[in-house]
Amino acid sequence: MWSFMKILLIYPNKTMTTRIPLGIGYLVAYLKHAGHEVGIFDTTFMDCGSGVSDDNLRAASLQVRNPDFAQYNIVAKKIDILNELDKKISVFKPDMVAVSVVDPNYRFGLILAEKIKEKNKNIFVIFGGPTVTFSPEEVIIEGVVDAICVGEGEQALPELCAAIEEGRKIKNIKNIWCKEKGDIYRNDVRPLIDLDTLLPPDWNMFDERHLIRPLGGKMYRMGVFAITRGCLFRCTYCANFALSGIYKGKGSLYRIQDPEKMVNQIAEFKRRYNLNFIFFVDDIFPLHRPHVLDKFCSLYKEKVRLPFNVSLHAELVKEAQFAKLVDAGCRNVCIGLESGSPSIREEMFERKCSNAQIIEAFRLAHKYKIRSSTFNIIGIPGESRKDIFQTIDLNRKANPTTATLTFLHPYRGTKVRDICLKEKIFDIGKEKAHEDGYRTDSCLNLKNVSAKELNGIFKTFQMYLKMPKICYFFIHLAEGESIFSKIIFSFLKKIFYCITYKEAVRDFSDDPAFCSNNNDKSAKGTPKEGCEVVIASNNS
Ligand code: B12
Ligand code: SF4
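Criteria and thresholds
- Residues numbered from 1 in each chain as written.
- Chains lettered and ligands numbered in written order.
- Predicted model: local features only at pLDDT ≥ 70, side-chain atom pairs only at ≥ 80, totals over all residues.
- Near = placed C-beta within 6 Å.
- Nonpolar A, V, L, I, M, F, W, Y, C, P; charged D, E, K, R; others polar.
- Core = buried A, V, L, I, M, F, W, Y, C linked by C-beta atoms within 7 Å.
- Buried ≥ 20, exposed ≤ 12 C-beta atoms within 10 Å, placed from the backbone.
- Domains from an automatic or database assignment.
- Contact = placed C-beta atoms within 7 Å.
- Axes fitted to C-alpha atoms, helices over the stretch in contact; angles between N-to-C directions.
- Helix = DSSP H or I, 4+ residues; strand = E, 2+ residues; numbered from the N terminus.
- Left-handed = near helix turned anticlockwise from the far one by under 90°.
- Parallel < 35°, antiparallel > 145°, perpendicular 65-115°, else oblique.
- Pairing = 2+ DSSP bridges.
- Expected span 1.5 Å × (residues − 1).
- Arc of directions from axis to C-beta.

Asker: It is not clear to me how the site of ligand 2 should be interpreted in this structure. Could you clarify?
Answerer: The immediate surroundings of ligand 2 are formed by Cys-231, Phe-233, Arg-234, Cys-235, Cys-238, Asn-240, Asp-283, Ile-284, His-313 and Gly-336. The class makeup of the residues in the shell around ligand 2 is five nonpolar, three polar and two charged.

Below, the structure written as structure tokens:
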């Protein structure tokens with residue numbers, strides 16, 4: 001029997017995407033609160049062999065212009081990861097290893113767990129995170145997995161640790177599935193957590209470089225928060241669809257935290273971590289709840305006074321609320337456009353908002369002079385080249401500052417996964433091989449557009465968005481893979497950069513709304529290994 005537990009959390013991040021993962025931050029807080037000793041093994045800054053980083057891939061397809069990451073020491077260190085893990089295990093000597101996974105990290109998480117179990121059969125291995133929540137049967141049968149957590153882990157994980165600590169049975173813990181003598185025990189989920197009872201996340205054990213994120217061509221010390229959990233919508237390509245099924249009868253999926261509690265927490269984290277930008281990762285920011293919004297805006301303006309980003313749903317955007325958000329400090333909005341074809345958007349994606357609502361939301365961003373970004377998806381079942389050009393046209397009309405583009409991937413937990421399987425355009429067997437290719441090509445065998453054509457459009461998408469239509473003939477030529485196409489592409493790229501430079505690069509530090517914000521003139525990141533990290537600050 002253990003007197004307390006040593007728990008090693010594993011974040012098998014392969015894409016070098018910085019940002020403290022909220023879920024792990026909360027788990028650390030709850031485990032420490034219960035008296036356990038917690039360690040972390042985070043592969044974000046290790047070379048995981050998956051190719052270029054996510055941010056660099058986005059830059060390569062002209063979606064963003066990033067500062068030089070190496071200048072901030074955000075580099076993938078060439079290191080033997082398994083050996084590093086071995087060292088961590090021998091020094092920290094955990095009783096439990098808790099691995100947090102999303103689909104692209106899942107296999108890698110398993111490899112790390114296998115490595116641990118090879119030498120340490122007694123270490124209890126638990127997996128959690130979206131992949132586990134949406135495909136529990138697939139994960140629990142893995143030999144190295146002793147237990148899994150379906151859904152939220154803040155209460156379930158400490159309860160499991162307490163049961164292990166006290167030598168009690170673990171087979172009846174809500175949200176936890178476990179194995180005993182060849183049998184699998186599948187427990188129901190508990191009611192959704194009341195966000196007002198949440199402990200603040202614990203960021204202390206994360207590498208400081210996780211705070212450094214690019215936006216608009218500058219680096220910021222960015223804090224990631226969510227005032228809500230869940231969503232009001234059920235788009236078919238999103239995991240909220242499955243979450244609503246898993247949690248049916250367990251409370252409202254969409255929950256909002258008391259704005260006062262949240263703002264106080266952000267103000268405290270701003271001070272503690274010297275933040276100069278706040279990035280809200282709520283599925284949809286509660287713009288549509290006037291009382292919440294009013295309270296949030298007035299408190300945020302008074303206590304935080306930092307520029308921030310939110311994600312909005314075009315259908316819920318109204319000018320009066322939008323204006324309040326901007327007045328409170330919102331300087332960047334991300335809005336899902338997804339497809340410019342109303343039939344794909346509404347029938348395939350079940351996303352009910354009109355082109356007019358999307359254009360209106362971006363009109364407001366222009367009117368209030370803030371940055372804006374669309375989310376776009378290509379490689380959708382049934383989509384033709386003509387449909388993709390509707391997406392391009394709608395972006396041209398909305399005219400966002402930047403446009404994020406991804407290939408449709410049928411993630412676990414999405415309705416579109418079932419559609420792709422039914423239409424036999426997705427081969428689950430090949431999913432493993434595609435784990436590193438989420439951003440670089442489609443994993444679907446589409447009927448109307450070939451993989452080659454799709455990749456060509458992906459490469460030139462931003463040019464179609466921002467360059468005059470008179471250039472379309474040349475952009476089309478640049479879609480190809482021949483040397484000739486590549487020469488045209490690099491020539492067009494130069495013109496593209498000239499056209500977009502002014503709007504793409506924006507420094508919020510010259511925004512008068514935040515100038516008197518902070519007496520600290522430096523707002524520097526912590527230099528690592530001799531590298532000084534100077535970041536855009538909010539100071540005049
Ligand atoms: C913010 C966000 C991001 C951010 C930050 C990601 C991060 N690592 O924190 C960014 C923009 C970087 C991002 C990137 C990606 N994301 Co994302 N992201 C989200 C979003 C909107 C919120 C995540 C969040 O913070 N939730 C709140 C926290 C509290 O919940 P949580 O993380 O799920 O953790 C809880 C439980 O899962 C559980 N838990 C988690 N881990 C563990 C481990 C153990 C041991 C236990 C016991 C419990 C447990 O307990 C936690 C606390 O309750 C979700 C949508 C959503 N509604 O969840 C998508 C989501 C997680 N993302 C998704 C995807 C696909 C991606 C990308 C692969 C996209 C891409 N193609 O690049 C990348 C992967 C990056 C990575 N390395 O993780 C999918 C995952 C689907 C799936 N089946 O895997 C989601 C669900 C969106 C969707 N499509 O529906 N993402
Ligand atoms: S895609 Fe966005 S709006 Fe649709 S269900 Fe997911 S989080 Fe909600």
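Asker: Explain the nonpolar core here, please?
Answerer: Note that soluble globular proteins tend to have their nonpolar side chains buried in a common cluster. If you look at the biggest cluster of nonpolar residues, it comprises 106 residues, and the most contacted ones within it are Leu-9, Ala-98, Ile-148, Phe-277 and Leu-312. Composition of this core by domain shows at least three residues from each of domain 1 (6-185) and domain 2 (226-466). The contact partners of Phe-277, leaving out residues within four places of it in the chain, are Leu-215, Tyr-220, Arg-221, Met-222, Leu-306, Pro-307, Phe-308 and Phe-508.

Asker: Help me out: how do you make sense of the packing of helix 1 (residues 22-33) against helix 7 (residues 156-165) in this one?
Answerer: Packed helix pairs are characterised by how far apart their axes lie and by the angle those axes make with each other. Here helix 1 crosses helix 7 at 35°, and the two axes come no closer than 9 Å. The hand of the helix 1/helix 7 crossing is right-handed. Residues Leu-27, Tyr-30 and Leu-31 of helix 1 form the contact with helix 7, whose participating residues are Leu-157, Pro-158 and Cys-161. Its residues assigned to classes, the contact of helix 1 with helix 7 shows six nonpolar, no polar and no charged.

Asker: I tried to follow the domain arrangement of the chain on my own but got confused; where do I start?
Answerer: Interface size is commonly expressed as the accessible surface area that is lost when the partners come together. Per the domain assignment, the segments making up the chain are domain 1 (6-185) and domain 2 (226-466). When each unit is reduced to the centre of its C-alpha atoms, the spacing between domain 1 and domain 2 is 26 Å. Counting only elements with at least two residues in the side of domain 1 that touches domain 2, the list comes to helix 2 (54-60), helix 4 (103-119) and helix 5 (130-134). Ranked by the residues each element gives to the side of domain 1 that touches domain 2, the list is headed by helix 5, at four residues.

Asker: Looking at this structure, how should I read the packing of helix 3 (residues 81-92) against helix 4?
Answerer: As a packed pair, helix 3 and helix 4 sit with axes 10 Å apart at the nearest point and diverge in direction by 50°. The angle between the axes of helix 3 and helix 4 places the two elements in the oblique class. Between helix 3 and helix 4 lies a crossing whose hand is right-handed. Contacts from Leu-82, Leu-85 and Ile-89 of helix 3 reach helix 4 at Leu-112, Lys-115 and Ile-116.

Asker: What's the story with the sheet that holds strand 3 (residues 96-100) in this structure? I'm lost.
Answerer: The seven strands are arranged 2-1-3-4-5-6-7 in an open sheet whose pairing can be described as mixed. Taken across any chain shown, the strands that pair with only one partner, and hence form the sheet edges, are strand 2 (37-42) and strand 7 (183-186). Along the sheet, successive strands turn relative to each other by an average axial angle of 20°, direction set aside. Relative to strand 5 (residues 147-149), strand 4 (residues 124-128) runs parallel, the two being bridged by two bridges. Bridge pairing links Ile-126 to Ala-147 in strand 5. Along the sheet face, helix 1 touches strand 1 (6-11), strand 2 and strand 3 and points at about 175° away from the line of strand 1. Packing against the sheet, helix 4 makes contact with strand 1, strand 3 and strand 4, and its axis sits at approximately 170° to strand 3.

Asker: Just to check I follow, could you spell out the site of ligand 1 for this structure?
Answerer: Near ligand 1, the surroundings consist of 40 residues, among which Gly-23, Ser-100, Gly-128, Gly-153 and Ala-239 are the closest. Put simply, the parts of the chain that give the shell around ligand 1 at least two residues each are helix 1, strand 3, helix 4, strand 4 and helix 5. For the shell around ligand 1, a count of residues per class yields 20 nonpolar, 13 polar and seven charged. In terms of domain composition, the shell around ligand 1 takes at least three residues from each of domain 1 (6-185) and domain 2 (226-466).

Asker: In this structure, what is going on with helix 13 (residues 355-367)? I would like to understand it.
Answerer: For an α-helix the count is 3.6 residues per turn, leaving residues at separations of three or four pointing the same way. Across its 13 residues, helix 13 extends 18 Å between first and last C-alpha, which sits within 8% of the 18 Å expected from 1.5 Å per residue. Among all positions in helix 13, only Ile-358, Ala-361, Phe-362, Leu-364 and Ala-365 are buried. What you see down the axis of helix 13 is that its buried residues fit within an arc of 150°, all on one side. Away from the buried face of helix 13 by more than 90 degrees, exposed residues Ala-356 and Lys-367 are located. The inward-facing, buried residues of helix 13 abut strand 13 (308-312), helix 11 (319-328), strand 14 (330-338), strand 15 (371-378) and helix 14 (385-398). Lys-369, located one to two residues past helix 13, shows a positive phi value of around 55°.

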